[in-house]
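Geometric and topological summary
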Amino acid sequence: MSERNTHHATFSIERIYPAAPARVFKAWSDQPSKARWFACHDDWTPGKHEMDFRVGGRERLSMTPPDGVAHRFDAIYQDIVPGERIIYAYDMHLDDRRISVSLATVEFTAEGKGTRLVFTEQAAFLDGFDDVGARDRKLGTEAGLDNLGAMFA
Amino acid sequence: MPEFCEILKLMLNYSRSAKTAGKTPSGPLLDLVFQALADPARRGMVERLASGPASVSELAQPLAMSLPAVMQHLQVLEASGLVRSEKIGRVRTCRVEKTALRMVENWVAGRRANWEKRLDRLGEFLAEEDEQTEEQPKKRRSKP
(Lines give C-alpha, C1' and ligand atoms only; values in the text may rest on other atoms or scores of the structure.)
Protein backbone atom coordinates (compact mmCIF):
# COMPACT_ATOMS: atom_id res chain seq x y z
CA MET A 1 0.00 0.00 0.00
CA SER A 2 1.35 3.39 -0.89
CA GLU A 3 1.12 6.26 1.58
CA ARG A 4 -1.29 9.07 0.79
CA ASN A 5 -1.06 12.75 1.53
CA THR A 6 -2.46 16.00 0.16
CA HIS A 7 -1.13 19.54 0.41
CA HIS A 8 -3.24 22.48 -0.69
CA ALA A 9 -1.78 25.68 -2.03
CA THR A 10 -3.05 28.78 -3.79
CA PHE A 11 -1.01 31.28 -5.72
CA SER A 12 -1.67 34.19 -8.06
CA ILE A 13 0.45 35.72 -10.78
CA GLU A 14 -0.26 39.09 -12.42
CA ARG A 15 1.03 40.36 -15.73
CA ILE A 16 0.29 43.48 -17.76
CA TYR A 17 0.56 43.02 -21.52
CA PRO A 18 0.63 45.88 -24.05
CA ALA A 19 -2.21 44.28 -26.05
CA ALA A 20 -6.02 44.58 -25.87
CA PRO A 21 -7.94 42.02 -23.77
CA ALA A 22 -9.49 40.46 -26.89
CA ARG A 23 -6.03 39.65 -28.26
CA VAL A 24 -4.70 38.26 -24.98
CA PHE A 25 -7.88 36.20 -24.63
CA LYS A 26 -7.40 34.84 -28.14
CA ALA A 27 -3.93 33.62 -27.18
CA TRP A 28 -5.70 31.41 -24.62
CA SER A 29 -8.73 30.37 -26.67
CA ASP A 30 -7.23 29.65 -30.08
CA GLN A 31 -5.26 26.38 -30.25
CA PRO A 32 -2.56 27.42 -32.78
CA SER A 33 -1.95 30.63 -30.76
CA LYS A 34 -1.84 28.82 -27.42
CA ALA A 35 0.55 26.18 -28.76
CA ARG A 36 3.04 28.99 -29.49
CA TRP A 37 3.56 29.87 -25.82
CA PHE A 38 2.01 27.19 -23.59
CA ALA A 39 4.81 24.58 -23.69
CA CYS A 40 7.49 26.03 -21.44
CA HIS A 41 10.66 24.27 -22.47
CA ASP A 42 12.37 24.41 -25.85
CA ASP A 43 14.27 21.15 -25.25
CA TRP A 44 11.12 19.19 -24.29
CA THR A 45 9.34 17.12 -26.89
CA PRO A 46 5.70 18.15 -27.09
CA GLY A 47 3.06 15.55 -27.90
CA LYS A 48 -0.20 16.26 -29.70
CA HIS A 49 -2.00 19.33 -28.34
CA GLU A 50 -5.75 18.67 -28.23
CA MET A 51 -7.96 21.60 -27.35
CA ASP A 52 -11.74 21.89 -27.39
CA PHE A 53 -12.34 25.41 -26.11
CA ARG A 54 -15.90 25.43 -24.80
CA VAL A 55 -17.51 24.78 -21.42
CA GLY A 56 -17.16 21.05 -20.81
CA GLY A 57 -14.47 20.76 -23.51
CA ARG A 58 -11.08 19.14 -22.84
CA GLU A 59 -7.51 20.19 -23.40
CA ARG A 60 -4.66 17.70 -23.36
CA LEU A 61 -0.95 18.07 -23.82
CA SER A 62 1.89 15.71 -23.01
CA MET A 63 5.43 17.07 -22.81
CA THR A 64 8.53 14.92 -22.44
CA PRO A 65 11.80 16.38 -21.14
CA PRO A 66 15.18 14.95 -22.19
CA ASP A 67 15.13 12.60 -19.13
CA GLY A 68 12.07 10.86 -20.60
CA VAL A 69 9.48 11.28 -17.82
CA ALA A 70 6.31 12.42 -19.59
CA HIS A 71 4.43 15.37 -17.99
CA ARG A 72 0.78 15.08 -18.93
CA PHE A 73 -1.61 18.05 -18.65
CA ASP A 74 -5.34 17.27 -18.82
CA ALA A 75 -7.91 20.04 -18.43
CA ILE A 76 -11.66 20.54 -18.61
CA TYR A 77 -13.10 24.01 -19.20
CA GLN A 78 -15.65 25.04 -16.55
CA ASP A 79 -16.40 28.68 -17.26
CA ILE A 80 -15.72 30.91 -20.27
CA VAL A 81 -16.60 34.62 -20.55
CA PRO A 82 -15.09 35.83 -23.85
CA GLY A 83 -12.46 38.52 -23.30
CA GLU A 84 -12.90 38.41 -19.52
CA ARG A 85 -12.49 35.06 -17.78
CA ILE A 86 -11.56 31.40 -18.20
CA ILE A 87 -11.85 28.79 -15.45
CA TYR A 88 -10.67 25.23 -15.92
CA ALA A 89 -9.88 22.23 -13.77
CA TYR A 90 -6.73 20.31 -14.59
CA ASP A 91 -4.51 17.55 -13.36
CA MET A 92 -0.84 16.79 -13.96
CA HIS A 93 0.63 13.32 -14.34
CA LEU A 94 4.30 12.34 -14.20
CA ASP A 95 4.18 9.19 -16.32
CA ASP A 96 1.24 7.35 -14.73
CA ARG A 97 1.39 9.13 -11.38
CA ARG A 98 -1.09 11.94 -10.75
CA ILE A 99 0.86 14.62 -8.89
CA SER A 100 -1.70 17.41 -8.65
CA VAL A 101 -5.29 18.40 -9.27
CA SER A 102 -6.00 22.11 -9.66
CA LEU A 103 -8.54 24.78 -10.41
CA ALA A 104 -7.12 27.56 -12.58
CA THR A 105 -8.78 30.95 -13.06
CA VAL A 106 -7.57 33.42 -15.69
CA GLU A 107 -8.98 36.95 -15.55
CA PHE A 108 -8.46 39.61 -18.21
CA THR A 109 -9.14 43.31 -17.52
CA ALA A 110 -8.42 46.36 -19.66
CA GLU A 111 -5.59 48.48 -18.29
CA GLY A 112 -5.11 51.59 -20.45
CA LYS A 113 -4.42 50.24 -23.94
CA GLY A 114 -3.22 46.95 -22.49
CA THR A 115 -4.48 44.05 -20.43
CA ARG A 116 -4.00 43.05 -16.83
CA LEU A 117 -3.98 39.27 -16.61
CA VAL A 118 -4.40 37.54 -13.26
CA PHE A 119 -3.74 33.81 -13.14
CA THR A 120 -4.81 32.06 -9.93
CA GLU A 121 -4.21 28.40 -9.23
CA GLN A 122 -5.74 26.47 -6.34
CA ALA A 123 -3.91 23.19 -6.21
CA ALA A 124 -3.93 19.92 -4.32
CA PHE A 125 -0.43 18.39 -4.50
CA LEU A 126 -0.63 14.64 -4.08
CA ASP A 127 1.32 11.86 -2.41
CA GLY A 128 4.68 13.39 -1.70
CA PHE A 129 5.28 14.82 -5.14
CA ASP A 130 9.02 15.37 -5.04
CA ASP A 131 10.58 18.57 -6.18
CA VAL A 132 12.91 17.30 -8.89
CA GLY A 133 10.63 18.73 -11.54
CA ALA A 134 10.24 21.90 -9.50
CA ARG A 135 13.97 22.56 -9.61
CA ASP A 136 13.97 22.16 -13.39
CA ARG A 137 11.06 24.55 -13.66
CA LYS A 138 12.84 27.14 -11.55
CA LEU A 139 15.86 27.08 -13.85
CA GLY A 140 13.48 27.49 -16.78
CA THR A 141 11.83 30.48 -15.14
CA GLU A 142 15.08 32.34 -14.76
CA ALA A 143 15.66 32.00 -18.50
CA GLY A 144 12.08 33.13 -19.11
CA LEU A 145 12.49 36.24 -16.97
CA ASP A 146 15.70 37.08 -18.82
CA ASN A 147 13.82 36.87 -22.14
CA LEU A 148 11.11 39.14 -20.78
CA GLY A 149 13.70 41.65 -19.62
CA ALA A 150 15.34 41.63 -23.04
CA MET A 151 11.99 42.21 -24.71
CA PHE A 152 11.25 45.46 -22.88
CA ALA A 153 14.87 46.70 -22.73
CA MET B 1 14.39 40.50 2.53
CA PRO B 2 11.22 40.74 0.41
CA GLU B 3 11.96 37.42 -1.28
CA PHE B 4 12.05 35.63 2.04
CA CYS B 5 8.78 37.26 3.13
CA GLU B 6 7.15 36.06 -0.06
CA ILE B 7 8.36 32.52 0.63
CA LEU B 8 7.10 32.72 4.18
CA LYS B 9 3.72 33.99 3.02
CA LEU B 10 3.41 31.09 0.59
CA MET B 11 4.40 28.66 3.28
CA LEU B 12 1.93 30.09 5.76
CA ASN B 13 -0.92 29.90 3.26
CA TYR B 14 0.24 26.44 2.48
CA SER B 15 0.52 25.30 6.08
CA ARG B 16 -2.95 26.60 6.93
CA SER B 17 -4.55 24.33 4.40
CA ALA B 18 -2.12 21.42 4.67
CA LYS B 19 -3.66 18.09 5.48
CA THR B 20 -1.09 15.53 6.35
CA ALA B 21 -1.57 11.82 6.58
CA GLY B 22 1.38 10.10 4.96
CA LYS B 23 4.98 9.16 5.47
CA THR B 24 6.48 9.34 2.02
CA PRO B 25 10.22 10.02 1.86
CA SER B 26 9.68 13.77 1.84
CA GLY B 27 6.50 13.57 3.95
CA PRO B 28 7.45 13.39 7.64
CA LEU B 29 9.73 16.42 7.68
CA LEU B 30 7.23 18.43 5.67
CA ASP B 31 4.51 17.44 8.12
CA LEU B 32 6.65 18.69 11.01
CA VAL B 33 7.27 21.96 9.17
CA PHE B 34 3.56 22.51 8.67
CA GLN B 35 2.80 21.65 12.29
CA ALA B 36 5.51 24.04 13.41
CA LEU B 37 4.04 26.87 11.32
CA ALA B 38 0.45 26.18 12.33
CA ASP B 39 0.98 28.14 15.57
CA PRO B 40 0.95 31.97 15.43
CA ALA B 41 3.57 32.35 18.19
CA ARG B 42 5.96 30.07 16.30
CA ARG B 43 5.28 31.88 13.03
CA GLY B 44 6.15 35.11 14.83
CA MET B 45 9.41 33.57 16.04
CA VAL B 46 10.31 32.43 12.50
CA GLU B 47 9.50 35.88 11.13
CA ARG B 48 11.67 37.47 13.81
CA LEU B 49 14.53 35.09 13.00
CA ALA B 50 14.14 35.83 9.29
CA SER B 51 15.65 39.25 9.97
CA GLY B 52 18.65 37.71 11.74
CA PRO B 53 19.77 35.40 14.58
CA ALA B 54 18.45 36.11 18.09
CA SER B 55 18.93 34.80 21.62
CA VAL B 56 16.10 32.96 23.36
CA SER B 57 15.46 35.92 25.65
CA GLU B 58 15.33 38.26 22.65
CA LEU B 59 12.78 35.93 21.07
CA ALA B 60 10.76 35.81 24.30
CA GLN B 61 10.77 39.57 24.87
CA PRO B 62 7.90 40.62 22.53
CA LEU B 63 5.84 37.51 23.39
CA ALA B 64 3.50 37.46 26.37
CA MET B 65 4.72 34.08 27.58
CA SER B 66 7.16 32.51 29.98
CA LEU B 67 10.69 31.52 29.02
CA PRO B 68 9.88 27.77 29.39
CA ALA B 69 6.91 28.20 27.01
CA VAL B 70 9.19 29.88 24.49
CA MET B 71 11.67 27.01 24.89
CA GLN B 72 8.88 24.53 24.11
CA HIS B 73 7.95 26.36 20.92
CA LEU B 74 11.61 26.47 20.03
CA GLN B 75 11.84 22.69 20.42
CA VAL B 76 8.97 22.23 17.93
CA LEU B 77 10.69 24.58 15.47
CA GLU B 78 13.99 22.74 15.87
CA ALA B 79 12.35 19.34 15.39
CA SER B 80 10.91 20.56 12.09
CA GLY B 81 14.35 21.64 10.93
CA LEU B 82 13.14 25.21 10.40
CA VAL B 83 15.29 26.64 13.19
CA ARG B 84 18.69 25.72 14.62
CA SER B 85 20.08 26.90 17.93
CA GLU B 86 23.45 26.65 19.65
CA LYS B 87 24.51 27.51 23.14
CA ILE B 88 27.63 29.57 23.43
CA GLY B 89 28.52 30.33 27.04
CA ARG B 90 25.22 31.12 28.74
CA VAL B 91 23.43 32.40 25.65
CA ARG B 92 21.43 30.17 23.29
CA THR B 93 21.36 31.76 19.81
CA CYS B 94 18.68 30.75 17.30
CA ARG B 95 18.75 31.10 13.54
CA VAL B 96 16.59 30.12 10.60
CA GLU B 97 17.65 26.98 8.76
CA LYS B 98 17.28 27.86 5.10
CA THR B 99 17.27 24.31 3.67
CA ALA B 100 14.00 23.33 5.33
CA LEU B 101 12.41 26.56 4.15
CA ARG B 102 13.60 25.89 0.65
CA MET B 103 12.15 22.37 0.60
CA VAL B 104 8.64 23.57 1.40
CA GLU B 105 8.96 26.55 -0.87
CA ASN B 106 9.86 24.27 -3.79
CA TRP B 107 6.51 22.55 -3.73
CA VAL B 108 4.56 25.69 -4.44
CA ALA B 109 7.26 27.78 -6.08
CA GLY B 110 7.92 25.09 -8.67
CA ARG B 111 4.38 25.23 -9.94
CA ARG B 112 4.31 28.99 -9.71
CA ALA B 113 7.60 29.30 -11.57
CA ASN B 114 6.27 27.12 -14.35
CA TRP B 115 3.35 29.51 -14.82
CA GLU B 116 5.53 32.60 -14.63
CA LYS B 117 7.59 31.24 -17.48
CA ARG B 118 4.46 30.45 -19.50
CA LEU B 119 3.02 33.92 -18.98
CA ASP B 120 6.34 35.48 -20.00
CA ARG B 121 6.23 33.43 -23.18
CA LEU B 122 2.70 34.65 -23.78
CA GLY B 123 4.10 38.20 -23.59
CA GLU B 124 6.76 37.33 -26.15
CA PHE B 125 4.16 35.76 -28.41
CA LEU B 126 1.98 38.90 -28.26
CA ALA B 127 5.01 41.09 -29.02
CA GLU B 128 5.86 38.96 -32.07
CA GLU B 129 2.29 39.30 -33.31
CA ASP B 130 2.62 43.09 -32.87
CA GLU B 131 5.74 43.20 -35.02
CA GLN B 132 3.99 41.26 -37.76
CA THR B 133 0.94 43.54 -37.82
CA GLU B 134 3.14 46.65 -37.78
CA GLU B 135 5.04 45.47 -40.82
CA GLN B 136 1.93 44.84 -42.84
CA PRO B 137 0.53 48.40 -43.21
CA LYS B 138 3.98 49.70 -44.28
CA LYS B 139 3.93 47.30 -47.18
CA ARG B 140 0.31 48.32 -47.84
CA ARG B 141 -0.70 44.72 -47.91
CA SER B 142 -4.39 43.96 -47.98
CA LYS B 143 -5.78 41.60 -45.38
CA PRO B 144 -5.41 37.95 -46.32
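Residues numbered from 1 in each chain as written. Chains lettered and ligands numbered in written order. Predicted model: local features only at pLDDT ≥ 70, side-chain atom pairs only at ≥ 80, totals over all residues.

1. A few points about the overall build of chain A
Within chain A, the regular secondary structure consists of three helices and eight strands. Here chain A holds 153 residues, and the buried ones make up 23% of them. Of all intrachain contacts in chain A linking residues separated by at least 6 positions in sequence, the fraction that spans at least 24 positions is 43%. (Helix = DSSP H or I, 4+ residues; strand = E, 2+ residues; numbered from the N terminus. Buried ≥ 20, exposed ≤ 12 C-beta atoms within 10 Å, placed from the backbone. Contact = placed C-beta atoms within 7 Å.)

2. Examining the environment of valine 106 of chain A
Residues and elements named next belong to chain A. For valine 106, the location among the structural elements is in strand E7 (residues 97-111). In this structure, the C-alpha to C-alpha distance between valine 106 and glutamate 14, residues 92 residues apart in sequence, is 9.8 Å. Filtering out sequence-adjacent residues up to four positions away, valine 106 remains in contact with Trp28, Arg85, Ile86, Leu117 and Phe119.

3. A few points about the confidence of the model for chain B
All names here are of chain B. Of all residues in chain B, 65% have pLDDT values of 70 or greater, and the mean over the chain is 74. Averaged pLDDT values for the elements of chain B fall to 50 in helix H1 (residues 2-17) and rise to 91 in strand E1 (residues 54-55). Contacts of residues 13-26 to residues separated by more than four positions or lying in other chains number 34 contacts, the stretch itself having pLDDT below 50. Complex prediction metrics read pTM 0.57 and ipTM 0.74. (pLDDT = per-residue confidence, 0-100.)

4. Section: helix H5 (residues 67-80) of chain B
All names here are of chain B. For H5, spanning 14 residues, the distance from its first C-alpha to its last is 20 Å, which sits close to the expected 20 Å at 1.5 Å a residue. All of the buried residues along H5 are His73, Leu77 and Ser80. Burial along H5 is one-sided: seen end-on, the buried residues are contained in an arc of 55°. Pointing more than 90 degrees away from the buried face of H5 are the exposed residues Leu67 and Pro68. (Expected span 1.5 Å × (residues − 1). Arc of directions from axis to C-beta.)

5. What about the sheet that holds strand E3 (residues 91-96) of chain B?
Residue and element names in this part refer to chain B. Here we have three strands laid out as an open sheet, ordered E1-E3-E2, and antiparallel in their pairing. Only two strands of the sheet have a single neighbouring strand rather than two, namely E1 and strand E2 (83-88). Along the sheet, helix H3 (residues 40-50) makes contact with E1, E2 and E3, crossing E3 at roughly 90°. Relative to E2, H5 is tilted by about 120°, and along the sheet it contacts E2 and E3. (Pairing = 2+ DSSP bridges. Axes fitted to C-alpha atoms, helices over the stretch in contact; angles between N-to-C directions.)

6. Observations concerning the pairing of E7 of chain A
All names here are of chain A. The pairing of strand E6 (residues 85-94) with E7 spans 10 bridges and is classified as antiparallel. Paired with tyrosine 90 across the two strands is serine 102, which belongs to E7. The loop that links E6 with its antiparallel partner E7 comprises two residues; one of these, aspartate 95, has a positive phi angle of about 50°. Bridge count between E7 and strand E8 (residues 114-126): 12 bridges; the pairing is antiparallel. Bridge pairing in E8 places threonine 105 opposite threonine 120. The hairpin formed by E7 and E8 contains two residues between the paired strands, and glycine 112 there has a positive phi angle of roughly 60°.

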